[in-house]
Amino acid sequence: MMTDTMHTEHDSGATASPDMTSGTACSAECGSLSDDSALPQSVAARLCDLNVFFGKRQVLNDISFEAHNHAVTVLIGRSGSGKSTLLRTFNRLNECFAGCRTTGHAQVLLEGTLTDIHTSFPEPAALRTRVGMVFQTPDVLPVSIRRNMTLPLQHALGLTPPVIAVRVERALRDAGLWDEVCDRLDAPAETLSGGQQQRLCLARSLAMRPAMLLLDEPTASLDNVSSRTIEALLGQLKDRYPVIMVSHSLGQALRLADRLVLMGSGRILRCWDRQNGLPDMETLELMLEETACCE
Amino acid sequence: MSRPATYFVRTAVWGAALIVPLALAALTGVLVTRGAGALDANLFFGGVPALQAMTGRIPVWDGIWPACAGTLSLLGLTMLLALGPGIGCGIYLATSTASRAKAVLGFAVDLLAGIPSIVMGLFGFTMLLMLRRTIAPNAGASLLLAACCLALLVLPVLVSTTRAALESLPRQLHLTGAAMGLGKWQTLRHILLPSSARGILGGILLAAGRAAEDTAVIMLTGAVANAGLPAGIFSRFEALPFTIFYRSSQYRDALELEQGFATTLVLLVLSLSLLAGASKLQRTLEQRWQGIRDDD
Amino acid sequence: MRFDRNRIADVTFGASALVTGLAVAAIFGFLFLFALPVFTGGQGLSILSGVWNPGRGQFGILPMLAASLCVALSALALGWPLALGLCCGIRGFLPRPIGRLLLMLLRGMTAFPTVVYGFAAIFLLVPIMREGLGRGSGLSWATAGLVLSLVILPTMALVMDAGMRQTERRLRLTGAALGFTREQTLTHLVLPACRKNLLAAAALGFGRAIGDTLIPLMLAGNAPQWPSAAWDSIRTLTAHIGLVLATDSNSAAYGSVFVAGCLLLLVNVTVQLCLRSLLRTGETA
């Protein structure tokens, strides 16, 4: 059942207008890459003192963090640590669940300016056309491949057929799927294999020309070969789209991440940047174990 | 482990498995044996050539064609009146967020579903009395009145099946639509409704079946034994169930009785076909989304 | 533009919901409104007395209420065990092909029009009852009760089956691990777990039976007397409404009809409330 948020609050103390400078009001964690390269336009998305509640339960605690352009930010943590909820704050998809309440600031870089996604978008649907999301299990619609691609372009963006056709082909090529489906675009999308379906979902998002890509454990339901294909794709795509993803696999996180974020119990525990060195697998596993006992 | 309990249940099972099909076979058997003989054009058109009878050029006095036409018109008008509110209400219940309103409405729909059909007919009768006393002193029982009451009768069926069809869709479809940037109505129109269309259609057929077979409502709101083809929505009409009811006590000779049996067969076939269609549609929907099978 | 459409859609669906709610309120409202003059204007509680004799100005409908209850309860008494038996058969006591056939039969029975049941019974069952019992015209409480149990059986059986199917799937492995046969799993594990569901089916069947018009009208004889023996001719509330309104007699009798309607509505509300409480306190144990 679709529900809208009962109540969306914002921090009444801080300024209400979209703040374009770096988050000086935010508390410490993961504030910026390193002092040298803290240029505002390299920030693709920023969260400041974000708290998310579902009913009485607090799922995210005082989250402050930044994601950068031309980079893949990977969130890892045990189940229940709030990774998916954090991901969903960027396209306000949490509001589809009952009893959601969000406080704090969330900003996304749109058309060159960091825009507050709550105050600038009275209707979340408009925001979601700018931020693309791919889910864990491929969520192809029960229609043909072509229609899967054209439906959002036609109805969410209101594009005309010639424009749509161009975008569809481009997006399918970017997702590495064009050669495999160009001759059967009218076949049901469900006839594709799992890996192909996931790439279709990716293509569907790419066709919208999003400002950012959100991926929630995109290879969790795929086999190794398909997973590697998607990982390679992400490696290519990150130059054009900032990517924030949740990963279920530490190995994948270490392969892909330019910034690695460890979460536990609804908080950000630690961040690492690739240029400063990522931890190795054993350290990460140990840390994950530790997050279990600190509640 | 107590043996007697299982034996007891087993007796009940075998008893039921024998009695019920037997009873049903006996009842259907008497209908078929005493009525199949009269299943011919004469039954429908009473000696009048088919084409002229169907177009109404020559009135049919001895056939059930007017009743068939009446039932079909009644069905059409009822569904016309009930589809909008029924499906709309079902969509509302499946997609709304106001939990208090939903609970109240859900209870109201359940109450509506449990109202005996004669009470619904009584309500139609009271409406008629009210109309006569106030704005339309010449109002009479009519096709329109009967259709309104029948629409109320089948409303709960439409609401429940629409709601169930939408709620049985995987939750992810809502999220997919939202994540694509589609608004609530767009998600509904382009993703949710097309995916649940079969179930909703099945519900429509079920409602139609219910409307076609009901006697108590139309008895009090305009059905008569002899009225010819439906002359408009403000006039009285004939209908198959009422004709059957009337025939059960008012038959003049063996032929009329035999035709009565044949009429029951006609109504039976109509009802069963509508049910079969509804069944087929709804099972396809179930299997597609949940993979549930009966012999599980 | 896009958002306007969302609003329009919301308003439309809300309006349908409102219309439905208002319709229910209207039905209850009008019937109680029309029944009220009976109590405030003279006839008063005599309506609820025990004698129906319009010729002498007595409009008591209590015998009709008693008749409705008797017929409904007897139909339930016969129909519920049969429904339960069929369900258990479908869920494991009978070979699977037979079970599947029975399920199809039950589904088909829901489409069997009541007027057709009545018609067939008049010409099949009534002579049997007449000859067999040796007294009465064959149109009686017993005849109506028998056929009514057949009418309410499919609804009850399908409700029971829906509940049992879920529970049986859940408990099948548990039973097998305990060394139960499929029949024993059903008897000792599934049936107790489905208790609420079975009761709900009974409530539903009762509601359906007491609200039926055609069967009592065609088969129960329609004499407005207290039910005392199974072969007595009796008149139910539903048949009473139909008879009074159809014969268009003096409007003094109308009052009784509206009271009868209200009584039926009250029964309906009670049944629905019972169902709610049964199904809310956990569907299956």
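Residues numbered from 1 in each chain as written. Chains lettered and ligands numbered in written order. Predicted model: local features only at pLDDT ≥ 70, side-chain atom pairs only at ≥ 80, totals over all residues.

Some words on the overall build of chain B
(1) Moving on: Within chain B, the secondary structure is distributed over 12 helices and zero strands.
(2) Moving on: N-terminal to C-terminal, the α/β element order of chain B is α-α-α-α-α-α-α-α-α-α-α-α.
(3) Moving on: Across the 296 residues in chain B, those meeting the buried criterion constitute 53%.
(4) Moving on: Taking contacts inside chain B between residues at least 6 apart in sequence as the whole, the part at least 24 apart equals 75%. (Helix = DSSP H or I, 4+ residues; strand = E, 2+ residues; numbered from the N terminus. Buried ≥ 20, exposed ≤ 12 C-beta atoms within 10 Å, placed from the backbone. Contact = placed C-beta atoms within 7 Å.)

Digging into the overall build of chain A
(1) Moving on: Tallying secondary structure elements over chain A gives nine helices and 10 strands in all.
(2) Moving on: Sorting the 295 residues of chain A into buried and exposed places 46% on the buried side.
(3) Moving on: Taking contacts inside chain A between residues at least 6 apart in sequence as the whole, the part at least 24 apart equals 73%.

Section: the interface of chain B and chain A
(1) Moving on: Contact residues are listed per partner, giving 18 residues for chain B and 18 residues for chain A.
(2) Moving on: Looking at the side of chain B that touches chain A, the elements with two or more residues in it are helix H4 (65-95), helix H8 (171-179) and helix H9 (184-213) of chain B.
(3) Moving on: The leading source of residues in the side of chain B that touches chain A is H8 of chain B, at six residues.
(4) Moving on: Classifying every residue of the side of chain B that touches chain A by side-chain character gives seven nonpolar, 10 polar and one charged. (Nonpolar A, V, L, I, M, F, W, Y, C, P; charged D, E, K, R; others polar.)

Let's talk about H8 of chain B
Owing to its 3.6 residues per turn, the α-helix brings residues three or four apart onto one side.
(1) Moving on: Of the residues making up H8 of chain B, those classed as buried are Leu 173, His 174, Thr 176, Gly 177, Ala 178 and Ala 179 of chain B.
(2) Moving on: Against the buried residues of H8 of chain B lie helix H2 (124-128) and strand S6 (131-134) of chain A together with H9 of chain B.
(3) Moving on: Among the residues trailing H8 of chain B, Gly 181 of chain B stands out with phi positive, at a value near 90 degrees.

Focus on the sheet that holds strand S9 (residues 259-264) of chain A
In a beta sheet, neighbouring strands pair by backbone hydrogen bonds and run either parallel or antiparallel.
Residue and element names in this part refer to chain A.
(1) Moving on: What the six strands build is an open sheet, ordered S6-S7-S8-S3-S9-S10; its pairing is mixed. One side of each edge strand has no neighbouring strand; the edge strands of this open sheet are S6 and strand S10 (267-273). The mean angle between the axes of side-by-side strands here comes to 20 degrees, regardless of whether they run parallel or antiparallel.
(2) Moving on: For strand S3 (residues 72-77) and S9, the ladder comprises five bridges, and the chain directions are parallel. Residue pairing across strands places Gly 77 opposite Met 263, the latter belonging to S9.
(3) Moving on: Where helix H6 (residues 194-206) meets the sheet, it contacts S6 and strand S7 (212-216), and its direction lies at approximately 175 degrees from that of S6. (Pairing = 2+ DSSP bridges. Axes fitted to C-alpha atoms, helices over the stretch in contact; angles between N-to-C directions.)

Some details on the interface of chain C and chain B
(1) Moving on: Contacts between the two partners involve 74 residues from chain C and, on the opposite side, 68 residues from chain B.
(2) Moving on: The greatest single-element share of the side of chain C that touches chain B, amounting to 19 residues, is contributed by helix H1 (residues 2-40) of chain C.
(3) Moving on: Here the residues of the side of chain C that touches chain B sort into 45 nonpolar, 22 polar and seven charged.

So, the packing of H6 of chain A against helix H7 (residues 224-237) of chain A
All names here are of chain A.
(1) Moving on: At a closest axis distance of 9 Å, the pairing of H6 and H7 adopts a crossing angle of 20 degrees. Taken together, the axis directions place H6 and H7 in an arrangement best described as roughly parallel. The hand of the H6/H7 crossing is right-handed. Along the contact surface, H6 presents Gly 194, Gly 195, Gln 198, Arg 199 and Leu 202, while H7 presents Ser 226, Thr 229, Ile 230 and Leu 233.
(2) Moving on: Class assignment of the residues belonging to the contact of H6 with H7 gives a composition of three nonpolar, five polar and one charged. (Parallel < 35°, antiparallel > 145°, perpendicular 65-115°, else oblique. Left-handed = near helix turned anticlockwise from the far one by under 90°.)

A look at the sheet that holds strand S2 (residues 57-68) of chain A
All names here are of chain A.
(1) Moving on: The strand order across the open sheet built from four strands is S2-S1-S4-S5, with neighbouring strands paired in antiparallel fashion. Among the strands making up the open sheet, the edge pair consists of S2 and strand S5 (113-116). Averaged over all pairs of adjacent strands, the angle between their axes in this sheet comes to 10 degrees, without regard to strand direction.
(2) Moving on: With eight bridges connecting them, strand S1 (residues 43-54) and strand S4 (residues 100-110) associate as antiparallel partners. Looking at S4, one finds that Phe 53 is bridged to Arg 101.

Regarding the nonpolar core
Looking at soluble globular proteins, one finds that nonpolar side chains tend to be buried together.
(1) Moving on: Met 212 of chain A together with Ala 83, Leu 86 and Val 147 of chain C are the most contacted members of the largest nonpolar core, which totals 271 residues.
(2) Moving on: Residues within four places of Leu 86 of chain C in sequence aside, it is in contact with Ala 16, Ala 17 and Val 20 of chain B together with Leu 102, Leu 106 and Ala 157 of chain C. (Core = buried A, V, L, I, M, F, W, Y, C linked by C-beta atoms within 7 Å.)

Thoughts on the pairing of S1 of chain A
Residue and element names in this part refer to chain A.
(1) Moving on: Note that S1 and S2 share eight bridges and pair antiparallel. Opposite Val 43, over in S2, you have His 68 as the bridge partner.
(2) Moving on: Between the end of S1 and the start of S2, which pair antiparallel, lie two residues, with Gly 55 showing a positive phi angle near 65 degrees.

Considerations on unusual backbone geometry
What is expected of a backbone is that most residues other than glycine have negative phi and most peptide bonds are trans.
Residue and element names in this part refer to chain A.
(1) Moving on: Even without a glycine there, the phi angle at Glu 111 is positive, about 50 degrees.
(2) Moving on: Note that Glu 111 resides in the loop between S4 and S5.
(3) Moving on: Even without being glycine, Ser 265 reaches a positive phi, approximately 50 degrees.
(4) Moving on: If you trace the backbone, Ser 265 turns up in the loop between S9 and S10.
(5) Moving on: Given 18 C-beta atoms within a 10 Å radius, Ser 265 is considered partly exposed.

Things to note about the confidence of the model for chain A
All names here are of chain A.
(1) Moving on: When pLDDT is averaged across chain A, the result is 83; 85% of the residues are at 70 or more.
(2) Moving on: With pLDDT under 50 throughout, residues 1-24 is counted as low confidence; its partners more than four residues away or in other chains account for 51 contacts.
(3) Moving on: Confidence over residues 31-38 falls short of pLDDT 50; this stretch has 11 contacts with residues more than four positions distant or in other chains. (pLDDT = per-residue confidence, 0-100.)

Overview of the environment of Leu 172 of chain A
All names here are of chain A.
(1) Moving on: For Leu 172, the position within the fold is in helix H4 (residues 161-174).
(2) Moving on: Note on Leu 172: 26 C-beta atoms within 10 Å, which makes it buried.
(3) Moving on: Taking the C-alpha atoms as reference points, Leu 172 and Arg 92, separated by 80 residues in sequence, lie 26 Å from one another.
(4) Moving on: In contact with Leu 172, other than residues within four places in its own chain, are Leu 177, Trp 178, Val 181 and Ala 203.

Quick word on the confidence of the model for chain B
For residues with low pLDDT, the predicted coordinates do not support detailed interpretation.
Residue and element names in this part refer to chain B.
(1) Moving on: For chain B, per-residue confidence averages 86 on the pLDDT scale, and residues scoring 70 or more make up 95% of the total.
(2) Moving on: Confidence scores differ between elements of chain B, with helix H3 (residues 50-55) showing the lowest mean pLDDT of 76 and helix H7 (residues 143-167) the highest of 92.
(3) Moving on: In the model, residues 291-296 has pLDDT below 50 throughout and makes six contacts with residues more than four positions away in sequence or in other chains.
(4) Moving on: Predicted as a complex, the structure gets a pTM of 0.80 and an ipTM equal to 0.86.

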